[in-house]
Amino acid sequence: MVEAGAIGQTGSPLIEVEHLSKQYLSADGRVTQAIGDVSFTQDAGTFLAVVGPSGCGKTTLLKCLAGLMPHTGGEVRYSGEPIRDVPEGLSIVFQEYTRSLMPWLDVRRNVEFPLRHEPRPVRAERAARALSYVHLEGFESHYPWQLSGGMQQRVSIARAIVS
Amino acid sequence: MTSSPLTERSLIRRRSTQHAVATSFSLALLAVWELVGQAGLTPFFPPISSVAVEVSDILTGPQLTRDVLPSLGRALIGFGVASVGGATLGICLGYFRSLEPWTQSPLEFIRSVPPPAVLPLAVMVMGPTYTMRVAVIAFGAFWPVLLNAISGTRHVDPMYFDVARTWKASSWEIIRRLVFPAALPQIMAGMRIALAIALVLTVLSEMIAASSGLGYLVLQSQRLFALDRMYAGVVMLGVVGWLFTVVFAQIERRVLVWYEGQKGLRDG
């Protein structure tokens, strides 16, 4: 999921995808075509939902858009810049919330992770705000594995919006 | 499954009965030892009571600072060096996989050498010193920590690396904030094995070119046929090993609260 609006105040659209394709090489040497040929543009401040049956490449598409996975053809641009790594200002709410939250950190520390270079009062204040945004006040010192799946996903959202 | 208060109470009662039976069994074993010793059938089994007297003599006499405490010190320092070194090198080797082809064969060979085999070499090179014994202990205790740290690091969920990239974490931050805590349960499992090895090597290293320590005390007492004192040394080593295990288990539980909690939730 992409948090739109933080970037892309220039003239060009926020995201431009041109003839994006992605092939995997599996262990036995066979080639899997995960994404065939995808093109679209997305303006700042708008929402986009990608829908499809399981295994059709939605996660692969998002990982390519986030710069977490190199694509094998075409181009992805953020505010006109081709992406190489995860772009500045992009936040990701991972699908696998049970695996992307760190089980050794409590909820507050998980949410504070993106702010680790900020001074402590700033971290605390912004984490508290993010947690109240997802209605998780009072769960700051719980561990993720003590929460329900939905609550874990909300922690993950709080971590994405905290920066 | 919900259990009624009745079955829960009977469970507690059964557990305390078990505890009582286990305790009386241990006491019975000690009583047998005492009786056999008192009977004086063989000089090799002095009664446990005279061993106990010897233990208290050692703990209140000059041997406490000459033999007992130095042994504990060597064991703990060797264990500490092995733990820090093994964890550090193991995380590096697990994380920077390009090092593997260079390090694999030498490490495989060196770790196959039984640690006592390097003792004569250590005595020759470093002399019969405190540092030499600590070095031998650290050498033996190093391997389980190293191997567990390598494997723990390799099995860190790759998902965390995506998370780290999203927030622009540096290599150092990834190691310190993700790899180290994620691999810690396995590192501590290696440390538990290392602790037992450290104690074995403490005793052994004090039996060669030594003039102090619990290992020295046991060997020297045997040579002088002071069997009460020899048994006292053996008993104290047993108690020390047991204490190490108990204390380490407590520390492990504290440090890995999150891991135990998560596992408990998943398994039960």
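Residues numbered from 1 in each chain as written. Chains lettered and ligands numbered in written order. Predicted model: local features only at pLDDT ≥ 70, side-chain atom pairs only at ≥ 80, totals over all residues.

**Q** Hey, could you run me through the domain arrangement of chain A in this one?
**A** Many descriptions give the size of an interface as the accessible area lost when the pieces come together. According to the domain assignment, chain A contains domain 1 (15-82) and domain 2 (97-161). Each of domain 1 of chain A and domain 2 of chain A has a C-alpha centre, and the two are 29 Å apart. (Domains from an automatic or database assignment.)

**Q** I would appreciate a short explanation of the interface of chain A and chain B in the present structure.
**A** Facing the 14 residues of chain A at the interface are twelve residues of chain B. A class-by-class count of the residues in the side of chain A that touches chain B yields ten nonpolar, one polar and three charged. (Contact = placed C-beta atoms within 7 Å. Nonpolar A, V, L, I, M, F, W, Y, C, P; charged D, E, K, R; others polar.)

**Q** Teacher, can you tell me more about the confidence of the model for chain B here?
**A** Do not read the fine detail of predicted coordinates wherever pLDDT is low. Residues at a pLDDT of 70 or more form 96% of chain B, whose mean pLDDT is 91. Of all the helices and strands in chain B, helix 11 (residues 257-267) of chain B carries the lowest mean pLDDT, 79, while helix 6 (residues 130-154) of chain B carries the highest, 96. (pLDDT = per-residue confidence, 0-100. Helix = DSSP H or I, 4+ residues; strand = E, 2+ residues; numbered from the N terminus.)

**Q** How should the sheet that holds strand 3 (residues 73-78) of chain A be read in this particular structure?
**A** The strands making up a sheet associate through hydrogen bonds between their backbones, and the pairing can be parallel or antiparallel. Residue and element names in this part refer to chain A. With antiparallel pairing, four strands are arranged side by side in an open sheet as 2-1-3-4. What marks the edges here is a single partner per strand, and that holds for strand 2 (31-42) and strand 4 (81-82). Pairing geometry for strand 1 (residues 15-25) and strand 2, over eight bridges, is antiparallel. Its bridge partner being in strand 2, Leu 20 is matched across the sheet by Val 38. (Pairing = 2+ DSSP bridges.)

**Q** Whenever I open this one, the packing of helix 5 (residues 119-126) of chain B against helix 6 of chain B confuses me. Can you help?
**A** Residues and elements named next belong to chain B. Interaxial distance between helix 5 and helix 6 falls to 10 Å at its minimum, and their mutual angle equals 150°. Every pair of crossing elements has a handedness; the one defined by helix 5 and helix 6 is right-handed. Contacts between helix 5 and helix 6 involve Leu 119, Ala 122, Val 123 and Met 126 on the former and, on the latter, Thr 131, Met 132, Ala 135 and Val 136. The class makeup of the residues in the contact of helix 5 with helix 6 is seven nonpolar, one polar and no charged. (Axes fitted to C-alpha atoms, helices over the stretch in contact; angles between N-to-C directions. Left-handed = near helix turned anticlockwise from the far one by under 90°.)

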